[in-house]
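Residue-level structure breakdown
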Number of protein chains: 2
Amino acid sequence: MKDFQEQNLPKFEKKIASFLGSLEAEKTLKDAMSYSVEIGGKRIRPLMIMAICNFFERPVDDDVLVIAGSLELLHTYSLIHDDLPEMDNDNLRRGKPTNHKVYGQAHAVLAGDGLLTLSFDWITRTNLGDKAKLDLISFLGKAAGPEGMVSGQVADIEGEQKILTLEQLQRVHARKTGALLKYACQAGSILSNVNEREFNLLVSFGSLFGLAFQIYDDILDVVSTTEKMGKKVHKDQSENKNTYPGILGLEGAYKMLDEVIGKARNELIRLDAVDSILGDFLGYFERKGN
Amino acid sequence: MKDFQEQNLPKFEKKIASFLGSLEAEKTLKDAMSYSVEIGGKRIRPLMIMAICNFFERPVDDDVLVIAGSLELLHTYSLIHDDLPEMDNDNLRRGKPTNHKVYGQAHAVLAGDGLLTLSFDWITRTNLGDKAKLDLISFLGKAAGPEGMVSGQVADIEGEQKILTLEQLQRVHARKTGALLKYACQAGSILSNVNEREFNLLVSFGSLFGLAFQIYDDILDVVSTTEKMGKKVHKDQSENKNTYPGILGLEGAYKMLDEVIGKARNELIRLDAVDSILGDFLGYFERKGN
């Protein structure tokens, strides 16, 4: 995985920077958009797309980088808007001040709007076939829109005033976090021209990975420190958020995490992909700070 | 024009309502999105699309209604975000409380995000050819994104602290207001399968109409009342906004408006369209309240 990252992430970062830099847009808007994109993060979603391409021996060329970049722009928009004072009101993201803390609230809203719009526009600028482009735009729209991530965020906010069951919590997260990870698998599949069986297995893997990702994030909020995380921790409890450790207890959450990871691994076994870079994604969930 | 509206607007409104109603999304999100869409307004952008189709004898069928609806969703998102406290901080829009006044600020941000995402997604759901869909998505992305409307909004906010020249002001508005009206003409052209000459004339008409629209809006802010407008007036002056009457004086602004309308009419004459519904759009700019 480390080699794979070193091989692909620099050209990925360069691709995004050169695209944003090339836009004829107001300088402060470009600065605000670039700031949040460049803060970094683990680039899990784009790496997932690239790893699927790699597994199917589809070269990570310009088009793959653009599709991966478009998803990262969309993910970044969601973080900027989530951090706003009227939403999660976060001052810190990846160890740096959040967008509205640096550029002000109006520019943060607009930087998010700009990135969201670009994520669709950028897909049209690739050299992929028309059908592939439209499938990508359609899947991305469904993952990110009111039937996906935006409803997940609404449900998350409204859930703060309620006590959710495990099932309800899973439904919130399937949309809030899961939808974009599932899309990463859809996008990798389309780029790699996979067959239907492979497509379904990859989508199932993406959904399970997304669920594991959220359980793990909730666990980290309990067991980690602000320093390690680059953002505020123990925030869930202080805000009465519904979380997996909250519903299942910490050990129960770890147990559920192990089960979900096991299921995700099974999908990779059925794809004969468990020894590929894709299998390495499951190593993301170490028992840190425990 | 009145007949044309009566013939087409009801099916247009029905199309949007049934699309939003069909979404599997959180109820409050659907309510918030529908609220701002249903407040109404003049539907100038969708009517422009339909009028172009009408002129070229392209039936206003389901696909045309969806493309017109998609643009209205995008326009509505921009109004919801523009009205936010951190932006223009408006409490009234079309005589009704603004979105965040009814649903709260977080839901208003998310309703805007949802509508923006849907506007792209909805285009993929039409029965148009793949190339037409991609052209529409690409033009819409450029009109609405950081190279268009979003930069216009940034420039508008930042312009409040500066004194702009007439040229600078026009550049702000070409993006903030003009870009979507120009897109309406691009969309109508694509739907009607026009030739290159017609495309260019229509796009020029759309840009000039957009400019006239903004000059007129600035004039109305000076000469009209809150009651007539359904929103706060005399707001520009109290906020030191750069406006056409501010730079040119009221009569100078009227004179510029007349000139721009004249140029727009010329494009229609060259298209032999001045006696069509498109010509009626120029009747929008009456000297109200004067």
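Relevant structure appears above.
The notes below deal with the structure included here. Since we're looking at a predicted model, the values are computed, not measured.

The rules behind the values
Residue positions are given per chain, counted from 1 along the sequence in the order it is written. All chains are assigned letters beginning with A, and all ligands numbers beginning with 1, in the order in which they are written. Where totals are concerned, whole chains, interfaces and linings use all residues; where local detail is concerned, this predicted model gives features only for residues with pLDDT of at least 70, and gives and counts side-chain atom pairs only at 80 or more. The side-chain values count all of the structure's non-hydrogen atoms but skip hydrogen atoms and water molecules. Per the convention used, a helix needs a DSSP run of H or I reaching at least four residues, while a strand needs a run of E reaching at least two, with both numbered from the N terminus. With the radius of gyration taken over C-alpha atoms, the globule rule is written as 2.2 Å times the number of residues to the power 0.38. Exposure is judged per residue with a 1.4 Å probe applied to protein chains only, and the accessible area is read against the type maximum: over 50% gives exposed, under 20% gives buried, and values in between give partly exposed. Contacts between residues were defined by any pair of non-hydrogen atoms, one from each residue, lying within 4.5 Å. Two parts placed together each lose some accessible area under a 1.4 Å probe, and the buried area is that loss summed for both. For this analysis, a salt bridge means a side-chain nitrogen from Lys or Arg found within 4 Å of a carboxyl oxygen belonging to Asp or Glu. Between N or O atoms, a polar contact is any pair within 3.5 Å; within protein, one atom must be a potential hydrogen donor and the other a potential acceptor, and residues adjacent in sequence are included only when both atoms are from side chains. Two aromatic rings from Phe, Tyr or Trp, using only the six-membered ring of Trp, form a pair when their centres are within 6.5 Å; if the ring planes differ by under 30 degrees the pair is stacked, by over 60 it is edge-to-face, and anything between is tilted. Helix axes are fitted only over the stretch in contact, all axes being lines through C-alpha atoms; the angle between N-to-C directions runs from 0 to 180 degrees. Orientation labels follow simple angle bins: below 35 degrees gives roughly parallel, above 145 gives roughly antiparallel, 65 to 115 gives roughly perpendicular, and whatever is left gives oblique. Helix crossings fall into two classes, left-handed where the near helix is turned counterclockwise from the far one by less than a right angle and right-handed where it is turned clockwise. For this scheme, ten residues count as nonpolar: Ala, Val, Leu, Ile, Met, Phe, Trp, Tyr, Cys and Pro. Four count as charged, namely Asp, Glu, Lys and Arg, and the remainder, Gly too, count as polar. Copies are brought into register by a least-squares superposition over C-alpha atoms of residues with pLDDT of at least 70 in both. Under the counting rule used here, the positive set is Lys and Arg, the negative set is Asp and Glu, and His together with the chain ends is not counted. What is meant by a nonpolar core is a set of buried Ala, Val, Leu, Ile, Met, Phe, Trp, Tyr and Cys residues, joined one to another through side-chain atoms within 4.5 Å.

1. Concerning the overall build of chain A
A tally of regular secondary structure across chain A gives 14 helices and two strands. For chain A, whose C-alpha radius of gyration is 18 Å, the value lies close to the compact-globule estimate of 19 Å for 290 residues. C-alpha extents for chain A along the principal axes are approximately 50 × 50 × 35 Å. Residue burial in chain A is summarised as follows: out of 290 residues, 61% are buried.

2. Side note on the interface of chain B and chain A
The partner chain A presents 47 residues to the 47 residues of chain B that form the contact. A buried area of about 4000 Å², summed over both sides, lies between chain B and chain A, and 67% of it is on carbon and sulfur atoms. Where chain B meets chain A, there are six salt bridges. The partner of Arg125(A) in a salt bridge is Glu147(B), with the nearest N and O atoms 3.5 Å apart. Between chain B and chain A we count 17 residue pairs in polar contact (both at pLDDT 80 or more) in total.

3. Regarding the packing of aromatic side chains
Counted according to the given criterion, the structure contains 25 aromatic pairs over all chains. When the ring of Tyr216(A) is compared with that of Phe285(A), the centres are 5.4 Å apart and the planes differ by 85 degrees; the resulting orientation is edge-to-face. Of this pair, Tyr216(A) sits in helix 10 (residues 196-223) while Phe285(A) sits in the segment after helix 14 (277-280), and the two are 69 residues apart along the sequence. The class of Phe285(A) is buried, set by a relative accessible area of 9%. Between Phe209(B) and Phe285(B), the ring centres sit 5.3 Å apart and the planes meet at 55 degrees, which makes this aromatic pair tilted. Residue Phe209(B) is found in helix 10 (residues 196-223), and its partner Phe285(B) is found in the segment after helix 14 (277-280); the two are separated by 76 residues along the sequence. Taken individually, Phe209(B) and Phe285(B) each receive the classification buried, so the pair is uniform in this respect. Counting every residue linked through ring pairs, the aromatic cluster contains Phe205(A), Phe209(A), Phe213(A), Tyr216(A), Phe281(A), Tyr284(A) and Phe285(A).

4. Observations regarding the packing of helix 8 (residues 149-159) of chain A against helix 9 (residues 166-192) of chain A
Residues and elements named next belong to chain A. Direction vectors running N to C along helix 8 and helix 9 enclose 140 degrees, while the axes themselves pass 7 Å from each other. Overall, the two elements helix 8 and helix 9 adopt an arrangement that is oblique. With respect to the hand of their crossing, helix 8 and helix 9 are arranged in left-handed fashion. Packed against helix 8, whose contacting residues are Met149, Ser151, Gly152, Gln153, Ala155 and Asp156, the element helix 9 presents Val172, Arg175, Lys176, Ala179 and Leu180 at the interface. Considering only residue class, the contact of helix 8 with helix 9 consists of five nonpolar, three polar and three charged.

5. Side note on the relation of the copies chain B and chain A
With an RMSD of 0.0 Å, the operation that places chain B on chain A is a rotation of 180 degrees combined with a shift of 0.0 Å along the axis. The symmetry that links the two subunits is that of a two-fold axis. Residue Asp130(B), judged by its C-alpha, is the member of chain B lying nearest the rotation axis, at 3.1 Å. The share of interface residues of chain B whose copies in chain A are also at the interface is 100%, consistent with both copies meeting through the same surface.

6. Quick word on unusual backbone geometry
Positive phi, normally seen in glycine, also occurs at Asn193(A), with a value near 55 degrees. With respect to the helices and strands, Asn193(A) occurs in the loop between helix 9 and helix 10.

7. Regarding the side chain of Glu198(B)
Residues and elements named next belong to chain B. Along the polypeptide, Glu198 turns up in helix 10. Within the buried set, Glu198 has no salt-bridge partner at all; the shortest N-O distance to an opposite charge, 5.8 Å, is to Arg197. With residues near it in sequence (within four places) discarded, Glu198 still touches Phe56 and Leu271.

8. Concerning the nonpolar core
Within the largest apolar cluster, 196 residues are counted, with the highest numbers of intra-cluster contacts made by Met48(A), Met50(A), Leu278(A), Met48(B), Met50(B) and Leu278(B). Ignoring anything within four residues of it in the chain, the contact list for Leu278(A) reads Met48(A), Ala51(A), Ile52(A), Phe55(A), Leu202(A), Phe205(A), Leu268(A) and Ala273(A).

9. Details of the pattern of salt bridges
Summed over the entire model, instances satisfying the criterion amount to 36 salt bridges over all chains. Two residues, Arg93(A) and Asp83(A), come together in a salt bridge whose shortest N-O distance is 2.9 Å. Highlighted residues: Arg93(A) in strand 1 (residues 92-93) and Asp83(A) in helix 4 (residues 62-83), separated in sequence by 10 residues. Residue Lys176(B) is joined to Asp156(B) by a salt bridge in which the shortest nitrogen-to-oxygen separation is 3.4 Å. Of this pair, Lys176(B) sits in helix 9 (residues 166-192) while Asp156(B) sits in helix 8 (residues 149-159); the two residues are 20 residues apart in sequence, bridging distant segments of the chain. Overlapping salt bridges, with partners in common, bring together Asp82(A), Asp156(A), Glu160(A), Lys176(A) and Lys241(A) in one network.

Geometric values such as these leave the question of function open.
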